[in-house]
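An overview of the molecular structure
Listed here are the chains, written in short residue letters.
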Amino acid sequence: MSKDKKISRKEAITKMGKYAAITAIGTFIILNPQKAQADSPSGPDDGDLFPTN
């Protein structure tokens, strides 16, 4: 049982604009491999976790 709530064209465009902005930011974060690689922690094979000195 849903009520039909009509919104104006301006409200619809505003809501879609916010959705598009969030989607663009998420896509940029996911598809930006250089930043993702720079932010990732170092792996165990780089020698920093178990120093031999």
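Note that the coordinates shown come from a computational prediction; the quantities given were computed from them, not determined experimentally.

**Brief notes about the overall build of the protein chain**
Helix and strand counts for the protein chain stand at two helices and zero strands. Buried positions account for 2% of the 53 residues belonging to the protein chain. Of the accessible surface of the protein chain, which amounts to about 5600 Å², a share of 62% is contributed by carbon and sulfur atoms.

**Considering helix 1 (residues 9-31)**
For helix 1, built from 23 residues, the straight-helix expectation of 33 Å at 1.5 Å per residue is met to within 8% by its first-to-last C-alpha distance of 32 Å. Of all 23 residues in helix 1, zero are buried, a share of ten percent or less.

**Section: a nonpolar patch on the surface**
A cluster of nonpolar side chains, contributed by I25, F28 and I29, occupies part of the molecular surface with about 350 Å² of accessible area. Positionally, I29 belongs in helix 1.

Basis of the calculations
Residues numbered from 1 in each chain as written. Predicted model: local features only at pLDDT ≥ 70, side-chain atom pairs only at ≥ 80, totals over all residues. Heavy atoms only, no water. Helix = DSSP H or I, 4+ residues; strand = E, 2+ residues; numbered from the N terminus. Buried < 20%, exposed > 50% of the residue type's maximum accessible area, 1.4 Å probe, protein only. Areas by Shrake-Rupley, 256 points an atom, 1.4 Å probe, with all protein chains shown as cover. Expected span 1.5 Å × (residues − 1). Patch = residues over 30% accessible without salt bridge, like charges linked within 9 Å, V, L, I, M, F, W, Y side chains within 5 Å. Salt bridge = Lys/Arg side-chain N within 4 Å of Asp/Glu carboxyl O.

Function cannot be inferred from these measures alone, as they are strictly geometric.
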